[in-house]
Amino acid sequence: MCGGAAVRCLQVAMSFRDLRNFTEMMRALGYPRLISMENFRSPNFTLVAEILIWLVQRYEPHSDIPTDVDTESDRIFFIKAVAQFMATKAHIKLNTKRLYQADGYAVKEMMKITSVLYSAMKTKELAVGDRAEEDNSKFKFDLGSRISDLKAARQLASEVTSKGATLYDLLGKEVDLREMRTAAIARPLEINETEKALRAAIKDVLENVEKNKDLLNNVVSDETSLDAKIEKKKQELERNRKRLQTLQSVRPAFMDEYEKIEEDLQKHYETYVEKFRNLSFLESQLDEYHRLEQEQFEEAENTMRIMQHRLKEEERELMKGSLKEEDSDIDVPEDEGSDSDTEEFHPSKPHLTRNGIMAGRGASFIGNMQGGDSDETEDSEIDVDEDDEEDEEGEEEEESKDLDDDSLEGPLSRGRRDNDF
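Note that the coordinates shown come from a computational prediction; the quantities given were computed from them, not determined experimentally.

1. Section: the overall build of the protein chain
- When helices and strands are counted, the protein chain shows 11 helices and 0 strands.
- Reading the protein chain from its N end, one meets helices and strands in the order α-α-α-α-α-α-α-α-α-α-α.
- Sorting the 421 residues of the protein chain into buried and exposed places 15% on the buried side.
- Long-range pairs, those at least 24 residues apart, make up 60% of the contacts in the protein chain between residues at least 6 apart in sequence.
- A total of about 34300 Å² of accessible surface is found on the protein chain, and carbon and sulfur atoms cover 53% of it.

Printed below as a string of structure tokens:
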């Protein structure tokens, strides 16, 4: 019984749906009293007894069930009588303890009886309805609804055929079996043979018993030996555990040296990492310096090439200008004392001698445009030419030195800054 926690026990015992189904079944079966779902919140033996008496009478109207439930013994006798009646008549097994509780568990037990009665009532209603439908539709035949019945009939026919064949074979052997059976029954039993067979059987049984006893004894001895081995293993395990704890607690002799070496290794590793980083940085700086030096060298070469090209252009322009000036200064001589009145003048072709050497932007040409010069003039012009060539070579060397100094000044200063860093 649930006692003070009746609501909680009822929720555990059965669900709301089961209680509703029970009340609906009782109403459909025609129970005269209205059953509420609140009647079983607490134990109600009186209502349970009335329902059981009504269900028994509904199942068997001529049943003899005691209806006295005033005392505890009467209630116990009543529950046992109902359970015995339903077990013998309807083959329904009821739990007497749950019925005696008279709560939700009792409703579950009573639903076994009500479900049987309700299904019988439904079957009867369906049979009446089917009969009415058959009367209404005598000339209608639906083959689709009889397919399952046709399959079942076919299966039963095959089973009947196989069983009949088996029975025929057995009946064919009955003649021989009958003679053997008659001979065995008619043979008189000899006491000595019977006693001998019984003694042999008893002997076999005793031997089997002895074998089983030996096996049991062996099992006991094996169990003892196994227990001894288990105990021995347990002791070894305990010793090994103690030894392990001892080894864990004792510090090894070489541990101090190991820790010292480990610290030194850590320091060396840090030094190695630092040097490796510095080396990597210096290599990157060196690569950068080489790259910048190469760029500056290429830039200086380009600048030198541009300057040479510019000087060549200026020299060419100066040569063109000097040629134009000399052409304008040339006078055409006329021979008045010639015999012919009109004499064509054929000027000599102007030609540049070796005396016309350029020296920078202020270059000048020494000499004339005609041949027939004196030796002194030629010597002076050669001297001037040599001086001009020396001056020009000196200026070109100074300019190349200046460019080299400018090109190397940047990388050297940047390299000094990198070294200082």
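The structure having been displayed, the exposition proceeds.
2. Quick notes on a nonpolar patch on the surface
- Taken together, the side chains of Leu198, Ile202 and Leu206 present a nonpolar region at the surface, about 310 Å² in accessible area.
- Relative to the assigned elements, Ile202 resides in helix α9 (residues 191-249).

3. Some words on the packing of helix α3 (residues 45-59) against helix α4 (residues 72-89)
- Where α3 contacts α4, the axes come no closer than 11 Å and their chain directions differ by 30°. Of the possible angle classes, the one that applies to α3 and α4 is roughly parallel. The handedness of the crossing between α3 and α4 is left-handed. Contacts from Phe45, Ala49, Leu52, Ile53, Val56 and Tyr59 in α3 reach Arg75, Phe78, Ile79, Val82, Phe85, Met86 and Lys89 in α4.
- Grouping the constituent residues of the contact of α3 with α4 by class yields 11 nonpolar, no polar and 2 charged.

4. Things to note about unusual backbone geometry
- One non-glycine residue, His91, lies in the positive phi region at around 55°.
- Mapped onto the elements, His91 comes out in the loop between α4 and α5 (96-101).
- Classification of His91 as exposed rests on a relative accessible area of 69%.
- With phi around 60°, Ala102 is a residue other than glycine that occupies positive phi space.

5. What about the packing of aromatic side chains?
- Per the stated rule, a full pass over the model turns up 3 aromatic pairs.
- Aromatic pair Tyr31 and Trp54: ring centres 5.3 Å apart, planes at 80°, arrangement edge-to-face. In this pair, Tyr31 sits in the loop between α2 (16-29) and α3 while Trp54 sits in helix α3, placing the two residues 23 residues apart along the sequence. Both residues of the pair, Tyr31 and Trp54, belong to the buried class.

So, how was this worked out
- Residues numbered from 1 in each chain as written.
- Predicted model: local features only at pLDDT ≥ 70, side-chain atom pairs only at ≥ 80, totals over all residues.
- Heavy atoms only, no water.
- Helix = DSSP H or I, 4+ residues; strand = E, 2+ residues; numbered from the N terminus.
- Buried < 20%, exposed > 50% of the residue type's maximum accessible area, 1.4 Å probe, protein only.
- Contact = heavy atoms within 4.5 Å.
- Areas by Shrake-Rupley, 256 points an atom, 1.4 Å probe, with all protein chains shown as cover.
- Patch = residues over 30% accessible without salt bridge, like charges linked within 9 Å, V, L, I, M, F, W, Y side chains within 5 Å.
- Salt bridge = Lys/Arg side-chain N within 4 Å of Asp/Glu carboxyl O.
- Axes fitted to C-alpha atoms, helices over the stretch in contact; angles between N-to-C directions.
- Parallel < 35°, antiparallel > 145°, perpendicular 65-115°, else oblique.
- Left-handed = near helix turned anticlockwise from the far one by under 90°.
- Nonpolar A, V, L, I, M, F, W, Y, C, P; charged D, E, K, R; others polar.
- Phe/Tyr/Trp six-rings, centres within 6.5 Å; stacked < 30°, edge-to-face > 60°.

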